[in-house]
Amino acid sequence: MSTQFDTQHTHTDDTHAYGQPTAGRRAPRHGGNGPSGYRIAAIVIGTVIAAALIVLAAVGLTHITSTSTPAPAASTSVPAANPAQPTSPAQNVNPAQPTTPAVTPSASVKKLQQELGQLNYYEGPVDGIMGPQTTAAITDLQRQAGLPQTGTMNAATQKALDNYLAHGNNQMGGNS
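Asks: Sorry, what's going on with the side chain of Thr-157 here?
Replies: Following the sequence through the fold, Thr-157 ends up in helix H4 (residues 155-167). With a relative accessible area of 0%, Thr-157 lands in the buried category. In contact with Thr-157, not counting residues within four places along its chain, are Ile-138, Leu-141, Gln-142, Leu-147 and Thr-152.

Put into structure tokens, the structure is as follows:
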């Protein structure tokens, strides 16, 4: 009998035969106990992406707040130290965004549009926004009432509107 051992097929508690790890246990790492290159690369990439998202969010918030606050008035004088330097405008104009603030609908304008519509002066959307169609309707009402044609509501125009609503006008299609 030989006293030599077959070391090729022997196994320890950590591995099955042929060097495969047992369930629930990991084989030791090759090349040391430090983190792998893939793990380091994933952490670096994740950190860069997170930093980029934070910067984008900060720039977006700064852009939103800077467009909602008025810019200071531009100086009309050219600095004496560098007269060749062009002056920049007070506000940067971005064609993708409107330069006028958003108009909020008004209940009183909505009522006015409905009343002008009843008298056939206004045919646009009843949206509560004083736009060009509403102004034109007011001007038409003022023309028919013999008032100065300003396109804005005043006491005399409101009195004429109330009179036409109560008694009719000649634009109502025979209901006068």
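Asks: Is there a simple way to explain the nonpolar core in this structure?
Replies: Here is a general trend for soluble globular proteins: nonpolar side chains tend to be buried in one another's company. Leu-112, Leu-116, Leu-119, Tyr-121, Tyr-122, Ala-137, Ile-138, Leu-141, Leu-161 and Tyr-164 form the largest nonpolar core, which has 10 residues in total. Taken together, the elements giving at least two residues each to this core come down to helix H2 (107-118), helix H3 (132-145) and H4. Of the residues forming this core, the biggest block, 3 residues, is contributed by H3. Every residue in contact with Leu-161, bar those within four places of it in the chain, is listed here: Leu-112, Glu-115, Leu-116, Leu-119, Leu-141 and Met-153.

Asks: Sorry if this is basic, but what is going on with the pattern of salt bridges here?
Replies: When the charged atoms of two side chains lie near each other, side chains of opposite charge can form a pair. Summed over the entire model, instances satisfying the criterion amount to 2 salt bridges. A salt bridge links Lys-111 to Glu-115; the shortest N-O distance between them is 3.6 Å. In this pair, Lys-111 and Glu-115 are both assigned in helix H2, 4 residues apart and thus about one turn of the helix distant. A salt bridge links Asp-140 to Arg-143, with the shortest nitrogen-to-oxygen separation between them at 2.8 Å. With Asp-140 and Arg-143 both in helix H3, this residue pair falls 3 residues apart, about one helical turn. The exposure class assigned to Asp-140 is partly exposed, which follows from its relative accessible area of 28%.

Reading the values: the criteria
Residues numbered from 1 in each chain as written. Predicted model: local features only at pLDDT ≥ 70, side-chain atom pairs only at ≥ 80, totals over all residues. Heavy atoms only, no water. Helix = DSSP H or I, 4+ residues; strand = E, 2+ residues; numbered from the N terminus. Buried < 20%, exposed > 50% of the residue type's maximum accessible area, 1.4 Å probe, protein only. Contact = heavy atoms within 4.5 Å. Core = buried A, V, L, I, M, F, W, Y, C linked by side-chain atoms within 4.5 Å. Salt bridge = Lys/Arg side-chain N within 4 Å of Asp/Glu carboxyl O.

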